[in-house]
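Chain residues, written in single-letter form:
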2 protein chains.
Amino acid sequence: MTRSSRRSTSEDVARAAGVSRTTVSFVLNNRPGQSIPEETRQRVLEAARRLDYRPHASARTLAAGRSELVLLSIPDTRLGPGTSRFVEELTTALTEHGLTLVTHLAGAHGRLLPDVCATVNASAVVGLSPFDTETTEALYRAGAEVVLPLPDSRGDLGDAMESVGRLQAEYLISQGCRVLGYAMPVQPGLREMTEGRLAGVAGACATAGLAPPVVEEVGLEIADASRAVVRWRSSGVTGVCAYNDEFAIAVLAGLRDQGLGAPGDMAVIGVDDIPTARLAAPPLTTIRFDVHEAGRRRAEAIVAALAGRQHEQSPDAGGPQLVPRSSA
Amino acid sequence: MTRSSRRSTSEDVARAAGVSRTTVSFVLNNRPGQSIPEETRQRVLEAARRLDYRPHASARTLAAGRSELVLLSIPDTRLGPGTSRFVEELTTALTEHGLTLVTHLAGAHGRLLPDVCATVNASAVVGLSPFDTETTEALYRAGAEVVLPLPDSRGDLGDAMESVGRLQAEYLISQGCRVLGYAMPVQPGLREMTEGRLAGVAGACATAGLAPPVVEEVGLEIADASRAVVRWRSSGVTGVCAYNDEFAIAVLAGLRDQGLGAPGDMAVIGVDDIPTARLAAPPLTTIRFDVHEAGRRRAEAIVAALAGRQHEQSPDAGGPQLVPRSSA
DNA sequence: GCGCGTTACCAACGCGCGTTAGTAGACGCT
DNA sequence: AGCGTCTACTAACGCGCGTTGGTAACGCGC
C-alpha cells in the first residue's frame, strides 16, 4: 500500500511539459481567446495524463471564488424510496455537468443547514421543498449563490405533488368511488409533501362534485391502519388515496385485518411504485413518476441558475403516471 | 432577497476585535500552548458571532493540507432501505466529529471514484465492502489519507453479513426446518453482501448437519418468486432465507400465488425489518441490525484512522437481532 | 529601419486560512 | 543598569490555483 508521496500539482505538470503554470492552466481549462499551438497543448495534456494530475478542488475553489459543490438538504424523516431514487438521479445528472452533490440530512442532531453550507462551501443549496425566507437569507449569507426552491415558488416538486394527488383521486373516481379517504402519515415533517398531495386529492373531489376526502392519520402498524379502515367504513368511504405505497400497503393490511379486501370493499391507491408494491396482496395500484426525468430537470435548473441564466421549466414533461394493478 | 455583499473572513473578525488575524485563528481553533487572556478571547468570540463568521472550508483545507470531507461510495445497485439508514447514521455520527459526509453513487454513468475523491478532496474514502487493491492505490494517489475497508480485511460489515445469514438459518432450523432454501437476488453488484449472508446460512446448515441451502435466483416479480417456490417445493425445502425483506416479501407473494401459505407450507425469513415487513401477509419474521450502532462504529473507525490511531473494533456490540413475527 | 499587429508565452498577485518565527513590553533577579 | 523570562500578541510565508497585465519574438508593410 505505497501511499505514494503526494498528488501532483499543476507546477509538476508545467515542469514536465516545459512550460509555465499559467500555460498549463490555460490548456487544461481550455480557456478561449488564447493562442496555444497544438503541439504545446498536446505536450501539456500528455504530461498531465502521465502524472495523473487532477486539480486540487480547494485551491481551485479558493482562487475562482466558487465551488462546484451542490448541497442537497433532505428532511430527517426517514427518507423514503422515492427520495432515494431522486437523490440518485440528481447525483448523476449533476455529475454530468461537473458538479458534485453533497447530501445533508437535516435533523435534530445534525448541524444547521447554513453551517454545513458554509463548511463545505457549497455554491448551490437545493431542497425538496421550498426553504423559508429566514433560512434562505442565512444560506446566502453562508456563501450560497443559488438557493432552490425559493420561498415563494412552490418549486416544480410542489406542483408535481399536487398533480400526483389529483391523479390518484381521479382514478378512484373513474372506478366508481363516490366518497374518498386520505391516509396521512402521523409523522410530521412530511407535511410539505403531504399537503400538496392532499390538496390535489381535494381538488379532484371538488371538480367531480364530491365531498372532500376523509382524512385519517395512519401509522405503519396493522392495528393503526385497521382502526382507520373502520372509521372510513363508517364514513361511507369506498376508495382511499394513501400518501405513498408504504401507507397504502398498511391500509391493505388493515383491510385484511378486518376481513375485508381491495378493491371490493375499498379501493386503495399509493404513490411511488416501490419494489414491493407489485408484491402486495393484492398488487398495489399506484402512481409512478419519472424520477430520472425529475432529477435531470432539477439538475438543469441548478446549472442554469449558477450560470446566471433564467431557467424556464420545460412544461411538465414526464409527469406522474398511473400504474394500474389490482388494488383499485 | 438581499444577497448580502459577501461572507465575512477572519480578517473582518480581526479588525472588529482589534487584534491580528493570527490571534483570531488561535482563539477560534483554541490552539493549546498559547497564552491568550480571557478578555481578548471573549472579544474575538463575540466579534465572530456578531459577524456570523464561518471559516472558509476550501481555504482551511488548502492551508491545513487536509479536508474534513469523508467520501462514501455506494454501489449503483438501487440502494435498499438498510443502506439508506446506514448512510443516515454515518452522516450524523461523522457530523458530531466535525466531519462532513459526501455520498457518491458509483455506477456506469458517474465519474470514477478516484476522480470524485480528488475533486472533492476527501481525506477519507469509505465503502460498504472492501475496495480492490488497484482502486485503493488510486485513491491514495488521489489524495485520500484513509481508505476503509482495506482489500484484505473483510471489514466489520462482511463479518456482520455472515452472522446475519447464520441467524436466519438458525432460527428456521430451530423452528423445525430440515431443508433450507436461499432466495438470491438476480442483480449482480450485491454479490459482496449476498455471498456473506449465504455463507452464514450455509455455515449454520453445516453446523446442524443439514444439506447446504438450495439457492434460487429471484427477481422482484410474483411470477419469478412463484417459479422459485415450485422448485423449492420439489427439492423438499420447508424454510427459505431471503437476501432481504423485499425478496422475502416476493417469496411470500410467490407462495400465495401457488395457493400456499407461510409458515405452514414454507417458513420465510428476511433481513432489514423494513417498514412494510410488519404489514406483509403474514407479518414477516426478519433480522434487524442496529444501524445506529453500526454507523457510529464506522464513524469512530474513520476518525481514529484519520488521527493515525489504530482502531480496535469493539467486539460485536449491537449485533443482528431476530424479529420474530408470523412468517416463520 | 521603424512602427504595428500578432503569436506564444510567463511573472506575479491574491483567494482565506494555518502556522512559524519573532517582537515589544512587563517583570523579577542579580 | 543589565539580563533573562514570561506574556501577549503580530508579520509574513505558503498551500494550489485562476487570472491580469505584461513581454519577447516574429512577420509585414512602408
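Rules behind the numbers
- Residues numbered from 1 in each chain as written.
- Chains lettered and ligands numbered in written order.
- Predicted model: local features only at pLDDT ≥ 70, side-chain atom pairs only at ≥ 80, totals over all residues.
- Heavy atoms only, no water.
- Salt bridge = Lys/Arg side-chain N within 4 Å of Asp/Glu carboxyl O.
- Helix = DSSP H or I, 4+ residues; strand = E, 2+ residues; numbered from the N terminus.
- Buried < 20%, exposed > 50% of the residue type's maximum accessible area, 1.4 Å probe, protein only.
- Near = heavy atom within 4 Å.
- Polar contact = N/O pair within 3.5 Å; in protein donor to acceptor, adjacent residues only side chain to side chain.
- Nonpolar A, V, L, I, M, F, W, Y, C, P; charged D, E, K, R; others polar.
- Least-squares fit on C-alpha atoms with pLDDT ≥ 70 in both.

I keep staring at the pattern of salt bridges and nothing clicks. Help me out?
Pairing is possible between side chains of opposite charge, provided their charged atoms come close. All names here are of chain A. In total, this model carries 30 salt bridges over all chains according to the counting rule given. Salt-bridge contacts for Asp224 lead to Arg227; the nearest nitrogen and oxygen are separated by 2.9 Å. With Asp224 and Arg227 both in helix H10 (residues 222-234), this residue pair falls 3 residues apart, about one helical turn. Exposure remark for Asp224: the relative accessible area of 21% places this residue in the partly exposed category. Overall, Arg227 belongs to the partly exposed group, its relative accessible area being 45%.

What's the story with the protein's contact with DNA strand C in this structure? I'm lost.
In the vicinity of DNA strand C there are 26 residues, among which Ser20 and Thr22 of chain A together with Ser10, Arg21 and Tyr53 of chain B approach most closely. Each atom of DNA strand C within 4 Å of the protein was assigned to sugar, phosphate or base; sugar and phosphate come to 52%. Interatomic distance of 2.5 Å between a backbone N/O atom of Ser10 of chain B and a phosphate oxygen of DNA strand C. Tyr53 of chain B is positioned with one of its side-chain polar atoms (N or O) 2.7 Å from a phosphate oxygen of DNA strand C. Counting residues per element, the ones that place at least two in the surface near DNA strand C are helix H2 (21-28) and helix H4 (57-64) of chain A together with helix H2 (21-28) and helix H4 (57-64) of chain B. Each residue belonging to the surface near DNA strand C can be placed in one class, and the counts come to 10 nonpolar, 12 polar and 4 charged.

What should I look at first to understand the relation of the copies chain A and chain B in this one?
Mapping chain A onto chain B calls for a rotation angle of 180° and an axial translation of 0.1 Å; the resulting RMSD is 0.1 Å. Here the transformation between the copies is reduced to the relation of a two-fold axis.

Even after reading the chapter, I still don't get the protein's contact with DNA strand D, so can you show me in this structure?
With respect to spatial proximity, 26 residues lie near DNA strand D, and among them Ser10, Arg21 and Tyr53 of chain A together with Ser20 and Thr40 of chain B are the closest. Backbone atoms, meaning sugar plus phosphate, form 52% of the atoms of DNA strand D positioned within 4 Å of the protein. Taking Ser10 of chain A, its main chain carries an N or O atom lying 2.5 Å from a phosphate oxygen of DNA strand D. The separation between a phosphate oxygen of DNA strand D and a polar side-chain atom of Arg31 of chain A is 3.5 Å. For the surface near DNA strand D, the secondary structure elements donating two or more residues are H2 and H4 of chain A together with H2 and H4 of chain B. When its residues are assigned to classes, the surface near DNA strand D shows 10 nonpolar, 12 polar and 4 charged.

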